[in-house]
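# Breakdown of the fold
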Amino acid sequence: MAGPSLSVILPTYNESANLPTLVARLQTALAGIAHEIIVVDDNSPDRTWELAERLADATPGLRVIRRLHERGLSSAVVAGMSAAAGDYFAVMDADLQHDEGILPAMLKALQEDGFDLCIGSRATAGGSYGDWKWTRRVISAVAALLARLALPVQVRDPMSGFFIVRRQIFHDSAERINPVGFKILLEFIGRNPNLKIKEIGYRFRNRLHGETKLSGSVMKNYLVALYDLRFGRYVSATFVLYSLVGASGVLVNFGGFAAGEALVLPVYYFDFLGKQVSLHMSAALG
């Protein structure tokens, strides 16, 4: 039997309420297209992986990867692509917010129109962010602006988690991709500045079940990923993070001395013989 043309990678974490609906929608949207669906689950507490295995029994081409020790959206996508058999890899969230109906048009852009990467875009013609609150729109707009400043290729929706890429692009980039963070699209664009990219608009849906994965740590990892893509070849992101932590400690130390001076508090330190010495900050600095 011929292998699948398209591999759909679904990274999941606590998406048991959404996955059955998405799988059914994918089967409808991709009717007539040889495809497989790969669910990569990070050992979800709601046992999404177990539900996916039951769905696989009744869904030809559905495979499940349960990761017991690794975590993270980007690394889950890499794991799925490494196991995929298709010539084209589609990535989308399992929370029903992406429009699976445009997948055939996205695939056509690569198969027939010669593009290397096609993005499901909320910011191009026909696209919309839906009913987002203004705070979420501001966060997304700032993040997208930072991405456009950092990346060598300009796209309107660099924050999208919905795209199709050629298999060869993944294999050419695999050793250079940083799997930390949640925006794997940035890695493909940042590591491959000569990509031919097309964006197809779609309306972003509201999440019906489950909770958003956006958090402070996700935002931090995003900024680190941007730095790594833009400047990592000069100074590693790890070194910069350690430097920032050290600098913050120095500032806290100086702030403590300044407060002690203002309040004329005693300061204790040990001299070179190990004897504790006490003096008032005003006297020490006067």
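The shown structure was predicted, so the numbers you read here are calculated from the model rather than taken from an experiment.

Pairing between the strands of a sheet comes from backbone hydrogen bonds, and it takes one of two forms, parallel or antiparallel. What the seven strands build is an open sheet, ordered E3-E2-E1-E4-E6-E5-E7; its pairing is mixed. Each edge of the open sheet carries a strand with a single partner, namely strand E3 (62–66) and strand E7 (197–201). Averaged over neighbouring strand pairs, the angle between their axes works out to 20 degrees when direction is ignored. The strands touched by helix H4 (residues 103–111) within the sheet are strand E1 (6–12), strand E4 (88–91), strand E5 (117–121), strand E6 (163–166) and E7, with E6 carrying the most contacts at an inclination of about 25 degrees.

Another aspect to go through is helix H1 (residues 19–29). For H1, the complete set of buried residues consists of Leu19, Leu22, Val23, Leu26 and Ala29. One face of H1 carries all of its buried residues, which in axial projection span an arc of 130 degrees. Check the buried side of H1 and you find it contacts E1, strand E2 (35–41), helix H2 (48–58) and H4.

Let us look at the environment of Gln154. Within the fold, Gln154 resides in the loop between helix H5 (134–150) and E6. Overall, the relative accessible area of 52% leaves Gln154 in the exposed class. Taking C-alpha positions, Gln154 is 9.3 Å from Ile197, a pair spaced 43 residues apart along the chain.

The next subject is the packing of H1 against H2. Direction vectors running N to C along H1 and H2 enclose 35 degrees, while the axes themselves pass 10 Å from each other. Here H1 and H2 pass one another in a crossing that is right-handed. Contacts between H1 and H2 involve Leu19, Pro20 and Val23 from the first element and Thr48, Leu51, Ala52 and Leu55 from the second. In the contact of H1 with H2, the residues fall into six nonpolar, one polar and no charged.

A surface patch of nonpolar side chains, amounting to about 620 Å² of accessible area, comprises Trp134, Val138, Val142, Leu145, Leu146 and Leu149. By the secondary structure assignment, Val138 is in helix H5. Among the residues examined, Val138 registers a relative accessible area of 42% and is labelled partly exposed.

Once that is clear, we can look at the pattern of salt bridges. One pass over the full model with this rule turns up eleven salt bridges. In this structure, Arg67 and Asp42 form a salt bridge, with 2.8 Å as the shortest nitrogen-oxygen distance. Taken together, the residues span a long stretch of sequence, with Arg67 in the loop between E3 and helix H3 (73–83) and Asp42 in the loop between E2 and H2 at a distance of 25 residues. Several salt bridges share partner residues, and in doing so they unite Asp42, Arg67 and Glu70 into one network.

Looking at the element boundaries, Leu6 is found in strand E1. Contacts of Leu6, omitting those with residues within four sequence positions, involve Leu30, Ala34, His35, Glu36, Tyr88, Ala90, Leu107 and Ile164.

The next subject is the nonpolar core. Grouped together as the largest cluster of nonpolar side chains are 33 residues, with contacts concentrated most on Val8, Leu10, Leu26, Leu103 and Ile164. Sorting the residues of this core by element identifies E1, H1, E2, H2, E4 and H4 as the ones contributing at least two each. In this structure Ile164 touches Leu6, Tyr88, Phe89, Ala90, Leu103, Met106, Leu107, Leu110, Asp116, Leu117 and Cys118, once residues within four positions along its chain are discounted.

Attention shifts here to the packing of aromatic side chains. Under the counting rule described, the total for this entry stands at four aromatic pairs. Taking the centre distance of 5.9 Å and the plane angle of 65 degrees together, the rings of Phe89 and Phe170 count as edge-to-face. Placement of the pair is Phe89 in strand E4 and Phe170 in helix H6 (residues 167–173), with a sequence separation of 81 residues. With respect to class, Phe89 is no different from Phe170; both count as buried. In textbook terms, an aromatic cluster arises when at least three aromatic residues are bridged by ring pairs, as seen for Phe162, Tyr202 and Phe204. The ring centre of Phe115 lies 5.7 Å from the NZ or CZ of Lys196, which sits over that ring.

Rules behind the numbers
- Residues numbered from 1 in each chain as written.
- Predicted model: local features only at pLDDT ≥ 70, side-chain atom pairs only at ≥ 80, totals over all residues.
- Heavy atoms only, no water.
- Pairing = 2+ DSSP bridges.
- Helix = DSSP H or I, 4+ residues; strand = E, 2+ residues; numbered from the N terminus.
- Axes fitted to C-alpha atoms, helices over the stretch in contact; angles between N-to-C directions.
- Contact = heavy atoms within 4.5 Å.
- Buried < 20%, exposed > 50% of the residue type's maximum accessible area, 1.4 Å probe, protein only.
- Arc of directions from axis to C-beta.
- Left-handed = near helix turned anticlockwise from the far one by under 90°.
- Nonpolar A, V, L, I, M, F, W, Y, C, P; charged D, E, K, R; others polar.
- Patch = residues over 30% accessible without salt bridge, like charges linked within 9 Å, V, L, I, M, F, W, Y side chains within 5 Å.
- Areas by Shrake-Rupley, 256 points an atom, 1.4 Å probe, with all protein chains shown as cover.
- Salt bridge = Lys/Arg side-chain N within 4 Å of Asp/Glu carboxyl O.
- Core = buried A, V, L, I, M, F, W, Y, C linked by side-chain atoms within 4.5 Å.
- Phe/Tyr/Trp six-rings, centres within 6.5 Å; stacked < 30°, edge-to-face > 60°.
- Lys NZ or Arg CZ within 6 Å of the ring centre and 35° of its normal.

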